[in-house]
Amino acid sequence: MNVPRVFFLILDAFDPVRLSPHLTPNLWRWANADGAATGIGRSVMASCTYPNHASFVTGVRPSEHGIWTNHVIREGEVLGAWDAGPLAPTLFDSYGGEASTAFGDHHLVGVMGARTAASHWPPDGALSPEIALDPLAYPADEAVLPHLVEALGSEARLVVGYFGSIDTYSHIYGPGSDEAADTYRRVDDRIGQLEEAIDWPQSAIIVVSDHVQDTAAERPGIDLRSVLGEETIVVDEGSAALIGPMSDPGVLHGVEGVEGWEQLADGNVLAWCERGRYFGSSELPILKGVHGGAHTLTQLALVSGGHPARSPLAAAVNDGEVPAESWAGAIAGVLG
Ligand SMILES: [Zn+2]
């Protein structure tokens, strides 16, 4: 049997209910290919981008890889998750020599530990002036596409790709907006262009998202700084917030709009809010789509491709909700 290759494609904020023959015809075809399976996955908390991407490649949850939101608080300092990096080994530590990545979010190179991949883009996770950016200043899908096509045409046995436009346009216009729907169509067009570069019989293909988005309520943000005092470190992450070491997290019970919280092993606290609410000090939402809390945990989980090695992955999808942290082990199982 031919040696299998894995193509792991992440579509940020893709809501599985939008998968359909008219909105996403190419992905729909992948979902209905021989031996394919489509279901849903489950985000880790917080339902932010970087905790899930770290779980995708480490196979462990935030309690082990240390990335609870897009930022981390270590020794009283706020760091980007891309500078902190995961505290657990990644797929690229095992398969980096055979791996190629192209990410429409330069920070993912650090978040996913992809510097050890034989080829990664953007190089060293840095933006350069010639890279086209989307409205939230991430590399645009059209900038990613040629690098992903090149990776798929290379000898790499593990190709990891990421398109971020659905998240960007859902944030700006709302997940139910016409602009978001147009973005699903454009992403699906690009998936059609990728298909020509895929060695289908040789490949196990996995397409996932990291979370969905809720429409932000036209209400003021939940301003934890005003409640906890300026000396407390608060990192607002949409409908989640990471709070620096707190001796008495019980005070969060009394904060209007806070739905739950968890004290973490390092003394920090992860809080989340009611559906549609968001953390911050603005009077009205700056972004129309929000995620981070416990209402945006749904992920897409789709397995396709022509190599028989896809079968156990498809079986796992058919079995029920797939946890974000289960993919790394599944991918390692295919690559051997
Ligand atoms: Zn995301």
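About the criteria used
- Residues numbered from 1 in each chain as written.
- Predicted model: local features only at pLDDT ≥ 70, side-chain atom pairs only at ≥ 80, totals over all residues.
- Heavy atoms only, no water.
- Pairing = 2+ DSSP bridges.
- Helix = DSSP H or I, 4+ residues; strand = E, 2+ residues; numbered from the N terminus.
- Contact = heavy atoms within 4.5 Å.
- Axes fitted to C-alpha atoms, helices over the stretch in contact; angles between N-to-C directions.
- Buried < 20%, exposed > 50% of the residue type's maximum accessible area, 1.4 Å probe, protein only.
- Arc of directions from axis to C-beta.
- Domains from an automatic or database assignment.
- Buried area = accessible area lost by both parts, 1.4 Å probe.
- Donors = N, O, S within 2.8 Å, 3.2 Å for Na, K, Ca; no water.

**Remarks on the sheet that holds strand β2 (residues 37-42)**
Part 1: Strand order in this open sheet of 8 strands is β6-β5-β7-β1-β8-β15-β2-β16, and the pairing throughout is mixed. Only two strands of the sheet have a single neighbouring strand rather than two, namely β6 (119-121) and β16 (322-323).
Part 2: Both strand β8 (residues 203-208) and strand β15 (residues 298-304) contribute to a ladder of 4 bridges, which runs antiparallel. Considered in β15, the bridge of I205 is made with S304.
Part 3: Against the sheet, helix α2 (residues 49-58) makes contact with β1 (5-11), β7 (158-163), β8 and β15, and its axis sits at roughly 170 degrees relative to β1, the strand it touches most.
Part 4: With respect to the sheet, helix α9 (residues 178-195) is in contact with β1 and β7, its orientation differing from that of β1 by roughly 165 degrees.

**Some remarks on helix α12 (residues 327-335)**
Since the α-helix turns once every 3.6 residues, residues separated by three or four places project in the same direction.
Part 1: Among the residues of α12, W327, A328, I331, V334 and L335 are the ones counted as buried. Looking straight down α12, one finds that the buried residues subtend no more than 125 degrees of arc, so they occupy a single side.
Part 2: Residue G336 follows α12 closely and has a positive phi angle near 75 degrees.

**Concerning the domain arrangement of the protein chain**
Part 1: By the assigned domains, the protein chain splits into domain 1 (5-214 + 292-335) and domain 2 (224-286).
Part 2: Computed from C-alpha atoms alone, the centre-to-centre distance between domain 1 and domain 2 is 28 Å.
Part 3: Contacts between domain 1 and domain 2 engage 16 residues on the former and 19 residues on the latter.
Part 4: Regarding the contact of domain 1 and domain 2, the summed buried area is about 1400 Å², with carbon and sulfur atoms giving 65% of it.

**So, the pairing of strand β11 (residues 240-243)**
Part 1: Along β11, one buried face is formed by A240 and L242 and the opposite face, lined by A241 and I243, is buried too.
Part 2: Direction of pairing for strand β10 (residues 234-237) relative to β11: antiparallel, over a ladder of 4 bridges. Looking at the pairing, V235 lines up with L242 of β11.
Part 3: With 4 bridges joining them, β11 and strand β13 (residues 269-273) adopt antiparallel strand pairing. Directly across from A240, in β13, lies its bridge partner W272.

**With respect to the coordination of the zinc ion**
Part 1: Within the protein, D12 (OD), D12 (OD), T49 (OG1), D210 (OD) and H211 (NE2) serve as the donor atoms for the zinc ion, at 2.0 to 2.6 Å.
Part 2: Going along the chain, you hit the donors of the zinc ion in the pattern D-x36-T-x160-D-H. A residue pair is termed long-range when its members are at least 10 positions apart, and D12 in the loop between β1 and α1 (25-31) and D210 in the loop between β8 and β9 (214-215) qualify at 198 residues. Each member of the pair D12 and D210 is classed as buried.

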